[in-house]
Amino acid sequence: MKEQLSHPEQWVDQHGDYLFRFAMSRLRDRALAEEAVQEAFLAALKSKDSFAGQSSERTWLTGILKHKIIDHFRKCSRELPLADEKLPFEKEDMFRSSGEWQGHWTEQAAPAEWGMDPVISLQQKEFRQVVEKCLSTLPPRLAQAFVLREMQELSSNEICDMLKISEANLWVMLHRARAQLRRSLETTYFCTGRAPRT
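Everything numeric in this text was worked out from a predicted model, so none of it was measured.

S.K.: Can you explain the pattern of salt bridges? Please cite residues and give values.
M.R.: A complete count under the given rule lists 4 salt bridges for this structure. For D71, the salt bridge goes to R74, with nearest N and O atoms at 3.5 Å. Of the two residues, D71 and R74 both sit in helix α3 (residues 57-79), 3 residues apart, roughly one turn of that helix. Taking relative accessible area as the criterion, D71 reaches 40% and is therefore assigned partly exposed.

Below, the structure written as C-alpha cells:
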C-alpha cells in the first residue's frame, strides 16, 4: 500500500521539530537550520505531485532536507579558504618515538575507555548536545568533512568532489576531526562524571 501525503499545511506541525533537530545536528547554527528546513518545505511543496509513496512522508521530507544541507556545504566549500587545519594538540608528542612500543600511544595521550554503548549514547539528548558543542570547536572545513561523512553518509568521492580536495586530504581531515572530537568529548563529558555507565 502506497503512503499518501498529508496536507502541506500539516507538515510543519507533524515534522517541523524533527526536521529542525536533524538540520541543527548537521549545521550547528539555528538560523541556517531554520533556513534549510524552510527550503526543504518549499521544495517539497513544489514537488508533492511527484511523491511516489514508496517511503513515509517524513522520510521523503528528510531526503529533501539532506539535499538542502548538502547544497549549503557545497556553497560553503567555495567560500572557505583551504588552509592547514592542524589543531593545537597535534603539536604534542602523542606517540612513543623510540623503544619496543614506537608508534604506539603514550600513556597520557591514549584514548580513554568510555565504558558505554555508543548507540545508546547517541539516543540521549544531553550527549547529542555535547557532540554538537564539540563539533562547533572544529575548524569549519574539518567539521564539514566530518558531518558529510559521518552524519550525511556521503561517499569519499562525493565529499572530495564537493570540497575540491584529494582523498588523501580527506582522510587526514577526518582523522584530525575524529581526534579533536574524541579529545573534546573526553574533557567535556566522559571525564566529568556526567556520562552514564552501561
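S.K.: If you had to explain helix α8 (residues 167-188) to someone new, which residues and values would you point to?
M.R.: For α8, with 22 residues, the first-to-last C-alpha span of 31 Å sits near the 32 Å given by 1.5 Å per residue. Among the residues of α8, those classed as buried are L170, M173, L174, R176, A177, A179, Q180, L181, R182, S184, L185 and E186. On the buried face of α8, the contacting elements are α5 (125-135), α6 (140-151) and α7 (156-163).

S.K.: A description of unusual backbone geometry should follow, citing residues and the corresponding values.
M.R.: Non-glycine residue R28 carries a positive phi angle of around 55 degrees. With respect to the element layout, R28 can be found in the loop between α1 (11-27) and α2 (30-47). Classification of R28 as partly exposed rests on a relative accessible area of 26%. Phi is positive for E153, close to 60 degrees, though the residue is something other than glycine. With respect to the helices and strands, E153 occurs in the loop between α6 and α7. Overall, the relative accessible area of 63% leaves E153 in the exposed class.

S.K.: So what's going on with the packing of α7 against α8? Which residues, and what values?
M.R.: With their axes 10 Å apart at the nearest point, α7 and α8 run at an angle of 100 degrees to one another. Judged by the inter-axis angle, α7 sits roughly perpendicular to α8. Between α7 and α8, the residues in contact are S156, N157, I159 and C160 and E167, L170 and W171, respectively. Its residues assigned to classes, the contact of α7 with α8 shows 4 nonpolar, 2 polar and 1 charged.

What counts, and where the lines are drawn
Residues numbered from 1 in each chain as written. Predicted model: local features only at pLDDT ≥ 70, side-chain atom pairs only at ≥ 80, totals over all residues. Heavy atoms only, no water. Salt bridge = Lys/Arg side-chain N within 4 Å of Asp/Glu carboxyl O. Helix = DSSP H or I, 4+ residues; strand = E, 2+ residues; numbered from the N terminus. Buried < 20%, exposed > 50% of the residue type's maximum accessible area, 1.4 Å probe, protein only. Expected span 1.5 Å × (residues − 1). Contact = heavy atoms within 4.5 Å. Axes fitted to C-alpha atoms, helices over the stretch in contact; angles between N-to-C directions. Parallel < 35°, antiparallel > 145°, perpendicular 65-115°, else oblique. Nonpolar A, V, L, I, M, F, W, Y, C, P; charged D, E, K, R; others polar.

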